[in-house]
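The lines below spell out each chain.
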Amino acid sequence: MDKVYRSYYTKSDPIVTYMFEKACVRAGMRVLEPCAGDGVFVDVLLKLVSGVSIDIYELNPKPVHVLRNKYRDRANIRIIHGDTLTDVELTLFSNAGGFYDRVIANPPYGAWQDYEKRRYLRKLYPKLYVKETYALFLYRCVRLLRDKGLLVFIVPDTFLNLHRHTKLRSYLLTNTKIRELCLFPSSFFPGVNFGYANLCIITLERCANRSDCLANTFKVIAGLRDVGELGTLARWVEPHQEVSVFSQSDVYENIDHALLVSADPRITYIINNSDMRIGDIADCVTGFYSGNDKKYLRVASKDLRNAKRYDLADVSQIARDYATKNDILKGIEGTKCFIPILKGGNVRYYKPEMWYMDWGVEAVRNYKTSKKARFQNSQYYFKYGVGVPMVSASRITAALIENRLFDQSIVGIFTKNPKWIHFLLAFFNSALCNRLIRTINPTANNPANYIKKIPFAKPSKNELEKINGIVKSIIQNLKQGKKYNRECDFDLEELITKTYQL
Ligand SMILES: C[S@@+](CC[C@H](N)C(=O)[O-])C[C@H]1O[C@@H](n2cnc3c(N)ncnc32)[C@H](O)[C@@H]1O
C-alpha cells in the first residue's frame, strides 16, 4: 500500500452490490468514477446497465494503463489520467452547478499530499480539512452532481463527528438530502482494518433547496454481523440490525452539526441540552513524554505488560516527598530522583505504582529542550486529579492521578473545585459516561477536546455524599491490595444515572 495513492480496491461483492442497489443507475445517465483504481465499479456498471456514459479519473499511471487497455473499445467511456481534486474541467462542471447524474466511489483515505499540494488544496477548499483526502473527494463530488443526482461513497465514518469536518457536515446537511448511512467495522473491507474508525457507506441526493434539505430525514443502519449482510441490505433489514431515523434539521442543530449516532435519543438530548460540560468544571490536559522512555523510564516489575524493554526501578532511588518541593519542575538533586508516573492502560479507580521516571536535574533539563520530549502542561504535574487513558478499547476508565506525573497516553482532569474529584472518578468509570463519549466520538479515542465536551450534571448534596463514600471505600480497598465489591459499580451507576436524570 503506498501512501500517495491509498489504493484499497473494493474486492467485495456484497459491498459493491449494496452500493449499486443504492445508486439506481439507469440508461442514459452520466456517471463519474472519480478514483477508479483498476475499475471495479466500472466493470459492475457495464454489466448492470447499458447506454450510460462514464467518466473515469485516476491519478496513478499504472491503473490508468490497465483501464485504457480494458476499455479501449468502449466509446461511452472517457478515461482521464488526472487529479480529481484539482482537474480544471471538473472545476468548470462544479462551478456550473454540476454535471453528473451519479457518482460512485471508494476514495483514497488519508492519502499523502506533499506540502505544496496541501497549500494549493487549502486555496481550493479553504473550509475543509485538506489532510483527509476522502473528505475533499466527498465535497468535490457532491458539487459535481447535478440537482437530484445521487452519490454513493464508501468512506471512514470520522466525518460524522470529528471537529475538523464540521464545515463539511454543514455543507452536506444544507446542500444534499442524505438518504442512508450504513455503518460497519473496517474489518468488513478486505485488507483493511483501521482500528481507529469504522467504515460508512453514504448515499445522498444533491438538493439545491436548503429548506428541503433540512426537512429531510434519513436512515442510519448499524449492527451488521458480517459483510455478507450488505449484499441484501438494500432489500431487507435483519431483526438484529439497528435502524435509526434522523432528521437533518436536528443533526444540523447538534453541537458542531455532529451526527450523534446513538440509538437512544435521551443521550443525544443530554449532549445537546446540558448547561455545563466537563470543560466548565475541570481543566483537561495531555501529559508528559520523556522523548526517550527506554533511557529514562523504569518499571517496578518485569512481569508487567510491555515491561520487557525497560530497566527495573531501584527502590533506593525513588523519591517520596517530591510533591511538596516548590521547584520540582526543575528536577531533583541527588540520586533519589525517580518519581512515580501514571501511564495508559484501562484500570478503574486506582492504579498501583508501576512506573517511575527519572526526574533528576539533568534529565528534566533534557525534557525541556529535546525536540522529541513533550514537557507539556507542566503546571498540572504532581497535582491531585483524575486520569483517563487516551485510548480505551472497550470502555472508558479513570483512575486517580494522586500527585503523580502522568504521561501523554493519559488525559489529566483537574477539577477547579476539589469536591468533584470522587464524583468524576465514578462518572468516568460509568456506562453512562461511556455512552456519552462514544456518541460524541465513536472512535476508541478520548482526546482532551472531546472529554471537555461531555455534559456535566451536578449531583444533589445527598447523592454526592453517597457517591463520595462509595468511591473512597473502593480506593481504600484497592490501595490495600483487596478487590472491591462489584455491587458498588451498580450503586454508582444508579446514582450517576439519577444525577443525569435519565
Ligand atoms: C481506494 S482506491 C479505490 C479504487 C477503486 N475505485 C476501488 O474501489 O477498487 C482509490 C484510488 O484513487 C486513486 N487516487 C488517489 N488520489 C487521487 C486523486 N487525487 N485523483 C484521482 N485519483 C486518485 C488511487 O490511485 C486509487 O487507485
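Sequence positions are assigned chain by chain, starting from 1 and proceeding in written order. Totals for whole chains, interfaces and linings use all residues, but because this is a predicted model, local features are given only for residues with pLDDT of at least 70 and pairs of side-chain atoms are given and counted only at 80 or more. The basis for the side-chain values is all heavy atoms of the structure; hydrogens and waters are excluded.

## Side note on the domain arrangement of the protein chain
- We note that the domain assignment places domain 1 (13-261) and domain 2 (280-499) within the protein chain.
- Residues count as neighbours in contact if any of their non-hydrogen atoms are within 4.5 Å of one another. Each partner contributes residues to the interface: domain 1 has nine residues there, and domain 2 has nine residues.
- Accessible-area loss on putting two parts together, using a 1.4 Å probe and summing over both, is the definition of buried area adopted here. Taking both partners together, domain 1 and domain 2 bury about 760 Å²; carbon and sulfur atoms supply 55% of that area.
- The salt bridge definition used is simple: a Lys or Arg side-chain nitrogen within 4 Å of an Asp or Glu carboxyl oxygen. At the junction of domain 1 with domain 2, the criterion picks out one salt bridge.
- Two residues, Asp 256 and Lys 453, come together in a salt bridge whose shortest N-O distance is 3.0 Å. Segment limits for the domains were obtained from an automatic or database-derived domain assignment.

## Here we look at the pattern of salt bridges
- Here the structure, examined in full by the defined rule, presents 20 salt bridges.
- The partner of Asp 83 in a salt bridge is Lys 117, and the shortest N-O contact between them spans 2.6 Å. Pair noted here: Asp 83 is in the loop between β3 (77-81) and α4 (88-95) and Lys 117 is in helix α5 (residues 115-124), with a separation of 34 residues, a long-range link.
- The salt bridge partner of Glu 205 is Arg 179, with a shortest N-O separation of 3.0 Å. Placement of Glu 205 in strand β7 (residues 198-206) and of Arg 179 in strand β6 (residues 176-185) is noted, with a sequence separation of 26 residues between them.
- Taking the relative accessible area as the measure of exposure, Glu 205 reaches 12% and is therefore buried.
- Think of it in three bands: with a 1.4 Å probe and only protein chains considered, a residue is buried below 20% of the maximum accessible area for its type, exposed above 50%, and partly exposed in between. By relative accessible area, which is 39% here, Arg 179 ends up partly exposed.
- Because the salt bridges share partners, they merge into one network encompassing Lys 22, Glu 180 and Lys 219. Secondary structure elements follow DSSP: runs of H or I of four or more residues count as helices, runs of E of two or more count as strands, with numbering from the N terminus.

## A word on the pairing of strand β5 (residues 145-156)
- In terms of residue burial, β5 counts as a mostly covered element, since nine of its twelve residues are buried.
- Strand pairing is assigned whenever DSSP identifies at least 2 bridges connecting the two strands. With five bridges connecting them, strand β4 (residues 100-105) and β5 associate as parallel partners. Paired with Ala 105 across the bridge in β5 is Phe 153.
- Pairing between β5 and β7: seven bridges, direction antiparallel. Note that in β7 the partner of Val 152 across the bridge is Thr 203.

## Points about the sheet that holds strand β12 (residues 297-299)
- Strands sit in the order β13-β12-β15-β14-β18 across an open sheet of five strands; the sheet is mixed. The open sheet is flanked by β13 (311-312) and β18 (405-406), the only strands paired with a single partner.
- Sheet analysis places β12 next to β13, joined by two bridges and oriented parallel. From the neighbouring strand, Val 299 faces β13, where its bridge partner is Leu 312.

## With respect to the packing of helix α15 (residues 421-428) against helix α18 (residues 461-479)
- α18 packs onto α15 with a crossing angle of 75° between their chain directions and a minimal axis gap of 9 Å. One way to sum up the angle between α15 and α18 is to call them roughly perpendicular. Contacts between α15 and α18 involve His 422, Phe 423, Leu 425 and Ala 426 from the former and Leu 464, Ile 467, Asn 468, Val 471, Lys 472 and Ile 475 from the latter.
- Classifying every residue of the contact of α15 with α18 by side-chain character gives seven nonpolar, two polar and one charged. Note on method: axes are straight lines fitted to C-alpha atoms, helices fitted across the in-contact stretch only, with angles between N-to-C directions ranging 0 to 180 degrees. We call two directions roughly parallel when the angle between them is under 35 degrees, roughly antiparallel when it is over 145, roughly perpendicular when it lies between 65 and 115, and oblique otherwise. All residues other than Ala, Val, Leu, Ile, Met, Phe, Trp, Tyr, Cys, Pro, Asp, Glu, Lys and Arg, Gly among them, are scored as polar; the first ten of these are nonpolar and the last four charged.

## Let's talk about helix α3 (residues 61-70)
- Within α3, burial applies to Pro 63, Val 64 and Leu 67. Across the axial projection of α3, the buried residues extend over an arc of 105°, all falling on one side. Exposed side chains of α3 directed beyond 90 degrees from the buried face belong to Lys 62 and His 65.
- The inward-facing, buried residues of α3 abut β2 (53-58) and β3. For this quantity, the arc is that covered by the directions from the helix axis to the C-beta atoms.

## Observations regarding the packing of aromatic side chains
- Two rings from Phe, Tyr or Trp (for Trp, the six-membered ring) form a pair when their centres sit within 6.5 Å of each other. Planes less than 30 degrees apart are called stacked, planes more than 60 degrees apart edge-to-face, and all others tilted. Throughout the structure, instances matching the rule amount to 33 aromatic pairs.
- Arranged with centres 5.8 Å apart and planes meeting at 40°, the rings of Trp 359 and Tyr 367 form a pair that is tilted.
- With relative accessibility at 0%, the residue Trp 359 sits in the buried group.
- For the ring pair Phe 375 and Tyr 381, a centre distance of 5.5 Å and an interplane angle of 75° mean the geometry is edge-to-face.
- Taken together, Phe 288, Tyr 296, Tyr 322, Trp 359, Tyr 367, Phe 375, Tyr 380, Tyr 381, Phe 382, Phe 406 and Phe 414 form an aromatic cluster joined through their ring pairs.
- Between Arg 164 and the ring centre of Tyr 129, over which it is positioned, the NZ or CZ distance is 4.6 Å.
- Here the basic side chain of Lys 343 rests over the ring of Trp 355, its NZ or CZ set 5.2 Å away from the ring centre. Definition used: whenever NZ (Lys) or CZ (Arg) falls within 6 Å of the ring centre and also within 35 degrees of the ring normal, the charge is taken to sit over that ring.

## Some words on the site of the ligand
- Inspection of the region around the ligand gives 23 residues, with Tyr 9, Thr 10, Cys 35, Glu 58 and Asp 83 positioned closest.
- Between the ligand and Glu 33 there is a distance of 3.1 Å, counted from a nitrogen atom to a side-chain nitrogen or oxygen.
- Here a polar contact is taken to be a pair of N or O atoms separated by no more than 3.5 Å, where protein atoms must pair a possible hydrogen donor with a possible acceptor and residues adjacent in sequence count only if both atoms sit in side chains. A distance of 2.9 Å separates a nitrogen atom of the ligand from a polar side-chain atom of Asp 83.
- For the ligand, the accessible surface in isolation is 590 Å², of which the surrounding protein chains cover 99%.
- Looking at the shell around the ligand residue by residue, the class counts come to twelve nonpolar, seven polar and four charged. Here a residue is near a molecule or strand as soon as one of its heavy atoms is found within 4 Å of it. Here the accessible surface of atoms and residues is derived via Shrake-Rupley with a 1.4 Å probe, and residues count as covered only by protein chains that are part of the display.

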